[in-house]
Amino acid sequence: MSNPELNDSIAVIGAGVIGCAVAWNLVREGRSVILIDPDEPGRAGASYGNAGHIASELIEPVPSPSLLFGFWKQLAAFDGPLSFESGFLPGSASWLGRFVAAAFRHSANTQILAPLVRASTAAFHRALREVGQVDLLKLNGHYSFWTEPGASKRAQAEAQHMAALGIPTMPVDEEFRQTIAATTGSQHTTGLWFPETAHVLDPMEICAAFARAAIQGGATFRKTRVRAMAPREREIEVLTDDGTVKANAAVVCAGIWSESLLKTVGLRAPLKAARGYHVELPGHTPLTDAPIVYTDQTTVVTPMVGRLRATNFVEFTSPDAPPDPRKPRRLRRKLQRVGYNVEADGPSWMGSRPVLPDYLPGIGRAPGPRPIFYAVGHQHIGLTLAAVTGEIMADLIAGRTGRHDIAPFDLRRFGAGGH
Ligand SMILES: Cc1cc2nc3c(=O)[nH]c(=O)nc-3n(C[C@H](O)[C@H](O)[C@H](O)COP(=O)(O)OP(=O)(O)OC[C@H]3O[C@@H](n4cnc5c(N)ncnc54)[C@H](O)[C@@H]3O)c2cc1C
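Residues numbered from 1 in each chain as written. Predicted model: local features only at pLDDT ≥ 70, side-chain atom pairs only at ≥ 80, totals over all residues. Heavy atoms only, no water.

Enquirer: Looking at this structure, how should I read the overall build of the protein?
Expert: Scanning the protein from N- to C-terminus turns up 13 helices and 21 strands. Taking 22 Å as the expected radius of gyration for a compact globule of 419 residues, we find that the protein reaches 21 Å, a close match to that expectation. Based on the C-alpha atoms only, the size of the protein along its principal axes is roughly 70 × 45 × 40 Å. With 419 residues in all, the protein has 57% of them scored as buried. For the protein, the accessible area works out to roughly 16,900 Å², and carbon and sulfur atoms hold 52% of it. Distance from the positive charge centre (42 side chains) to the negative charge centre (39 side chains) of the protein: 4 Å. (Helix = DSSP H or I, 4+ residues; strand = E, 2+ residues; numbered from the N terminus. Rg over C-alpha atoms; globule rule 2.2 N^0.38 Å. Buried < 20%, exposed > 50% of the residue type's maximum accessible area, 1.4 Å probe, protein only. Areas by Shrake-Rupley, 256 points an atom, 1.4 Å probe, with all protein chains shown as cover. Lys, Arg positive; Asp, Glu negative; His and termini not counted. Charge placed at Lys NZ, Arg CZ, Asp CG, Glu CD.)

In structure tokens, the structure reads:
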């Protein structure tokens, strides 16, 4: 390998979709990888329960001037009404200050994020082909529907906005529009098709596919929690609940839980949990083989293996607070309203999108002599960006000039961390 610092093992901390994609990309370059997570790959974090949408249209970071002036409507735009739980606002002044500052850098930040997102569908396809699981990816795009009065104007505005960003959309085929009009019972129904997006048949299976390929290629999996990292003169001691793992390098990919780990190596990662919920409709026939975004209900319904999955809500609160039982019930009512056959109550899932205040990911190398890297803060599009992030991390660790400029993703933009 070209990087002389790295002849030995690399500990990848966290086996969500980012950690699994990173682990596999390192193994495919012949590196010796130890993947560490207290749970099975893809089981514990946001990567388990997301909407499965490869959202190559979401090239704009969320903070924007129009969001600041039409806050509720805009933040709800993709996957759910916004809420701040008690205690969030008082303790988050500096995070919100950075969020507002990022809103006024919206255009520049879009230029920074867009190349990664635009590359996402192709990178995902490439990665799944290489791990022999391309069957998990469907390249059928997705649909957005508006059903309230003014629907056609709003759809037109969205099509124009997307065109300005270079994202193609097309009017929905009349027969399918009529199907949605019949199921939603809305004469206003207007839709757009986004032909270049994609979806996966099971987000957890994506993590498992990358982890399996990594393990088949020689990686080991340690089922334990990392407490801290201690850089020593010749190696890094990764301190876990089950003893110390010695590695030559480490990559932190622990989703919303990354902040405290990165603090142990002097990095500040001001992550907030933007929690979301899903409910599933087992055995429900899909209306089409692609995700459907019900824009006015702020709900996305994705066909997955043997069931539909509906996701919704952006809830800023502690990742460890108990789920709010009202939200999945509300989601079920929304689904009934748009014509799905769903019980009023039943199982649900809640998970935390890891969000930095500027809605750009944190990807880079920690300062200091030992090679400690990180890939965190992938916000609402971590599944989308997983394959691209894996490729970026392989380039970074190999010391190669990468395909993307990652300097703007350096966490030192948030100042120094500390022990
Ligand atoms: C409702 C909802 C819908 C979404 N829909 C989409 C979508 O359609 N498309 C999209 O692209 N994205 C979507 N997302 C966002 C996406 O799911 C996340 O951005 C992504 O899963 C983040 O991946 P991650 O690997 O960084 O974190 P996670 O998946 O949270 O994984 C972190 C892992 O780190 C492990 N870990 C934590 N602490 C430690 C420790 N100390 N030691 C070792 N391991 C540790 C955890 O156990 C976990 O396995 C959605 C999210 C939600 C909540």
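Enquirer: Could you clarify how one ought to interpret the sheet that holds strand β11 (residues 226-231) in this entry?
Expert: As a general point, the strands of a sheet are linked pairwise by backbone hydrogen bonds and lie either parallel or antiparallel. The antiparallel open sheet is built from 3 strands, whose spatial order is β11-β12-β13. One side of each edge strand has no neighbouring strand; the edge strands of this open sheet are β11 and β13 (243-247). Taking the axes of each pair of neighbouring strands and ignoring which way they run, one obtains an average angle of 25° across the sheet. Inspection of the sheet shows strand β12 (residues 236-240) paired to β13 by 5 bridges, in the antiparallel sense. Within β13, the residue paired with L239 across the bridge is T244. (Pairing = 2+ DSSP bridges. Axes fitted to C-alpha atoms, helices over the stretch in contact; angles between N-to-C directions.)

Enquirer: Help me understand the domain arrangement of the protein, please; the structure alone is not making it clear to me.
Expert: By a frequent convention, interface size equals the accessible area lost on bringing the separate parts together. The domain architecture assigned to the protein consists of domain 1 (9-47 + 204-269 + 358-414) and domain 2 (62-104 + 135-198 + 272-355). Summarising the inter-unit geometry, the C-alpha centres of domain 1 and domain 2 are found 29 Å apart. Opposite the 17 residues of domain 1 that make contact, domain 2 presents 22 residues. For the pair domain 1 and domain 2, the summed buried area comes to about 1,500 Å², and 69% of that belongs to carbon and sulfur atoms. When residues of domain 1 are sorted by the area they lose upon contact with domain 2, I256, Y359 and H380 head the list and together hold 45% of the total. One can count 0 salt bridges joining domain 1 with domain 2. Taken together, the connections running from domain 1 to domain 2 amount to 3 residue pairs in polar contact (both at pLDDT 80 or more). Counting residues per element, the side of domain 1 that touches domain 2 draws most heavily on helix α10 (residues 203-216), at 3 residues. Per-class residue counts for the side of domain 1 that touches domain 2 are 7 nonpolar, 6 polar and 4 charged. (Domains from an automatic or database assignment. Contact = heavy atoms within 4.5 Å. Buried area = accessible area lost by both parts, 1.4 Å probe. Salt bridge = Lys/Arg side-chain N within 4 Å of Asp/Glu carboxyl O. Polar contact = N/O pair within 3.5 Å; in protein donor to acceptor, adjacent residues only side chain to side chain. Nonpolar A, V, L, I, M, F, W, Y, C, P; charged D, E, K, R; others polar.)

Enquirer: Please explain the pattern of salt bridges as it appears in this structure.
Expert: Note on pairing: side chains with opposite charge can pair once their charged atoms come close. In total, this model carries 22 salt bridges according to the counting rule given. In this structure, D324 and R326 form a salt bridge, with 2.8 Å as the shortest nitrogen-oxygen distance. Each of E29, R126, E391, D395, R400 and R403 takes part in a single network of salt bridges with overlapping partners.

Enquirer: What exactly am I supposed to notice about the packing of helix α7 (residues 120-130) against helix α13 (residues 382-398) here?
Expert: Helices that pack against each other are described as a pair by the angle of their axes relative to one another and the distance between those axes. For the pair α7 and α13, the least separation of the axes is 8 Å and the interaxial angle reads 70°. On the basis of their axis angle, the class for α7 and α13 is roughly perpendicular. Contacts between α7 and α13 involve S120, A123, F124, R126 and A127 on the former and, on the latter, L383, T384, A386, A387, V388 and E391. Taken together, the residues that form the contact of α7 with α13 break down as 7 nonpolar, 2 polar and 2 charged. (Parallel < 35°, antiparallel > 145°, perpendicular 65-115°, else oblique.)

Enquirer: Which parts of the structure should I look at to understand the side chain of R370?
Expert: Structurally, the position occupied by R370 is in the loop between β20 (362-365) and β21 (372-376). Residue classification places R370 among the buried residues on the basis of a relative accessible area of 15%. There is a polar contact of 3.3 Å between the side chain of R370 and the backbone oxygen of E233. Those residues within four positions of R370 in sequence are excluded, and the remaining contacts are P231, R232, E233, R234, E235, I236, N248 and R365.

Enquirer: Looking at this model, I keep getting lost on the pairing of strand β6 (residues 142-146). Mind explaining?
Expert: Looking along a regular strand, one sees the side chains alternate between the two faces of the sheet. Most of β6 is tucked away: 5 of the 5 residues are buried. Both faces of β6 are covered, namely the face carrying H142, S144 and W146 and the face carrying Y143 and F145. Relative to strand β8 (residues 190-194), β6 runs antiparallel, the two sharing 5 bridges. Within β8, the residue paired with F145 across the bridge is G191. Note: β6 against strand β16 (residues 292-294), 3 bridges, orientation parallel. Each residue of the ladder has a partner; that of S144, found in β16, is V293.

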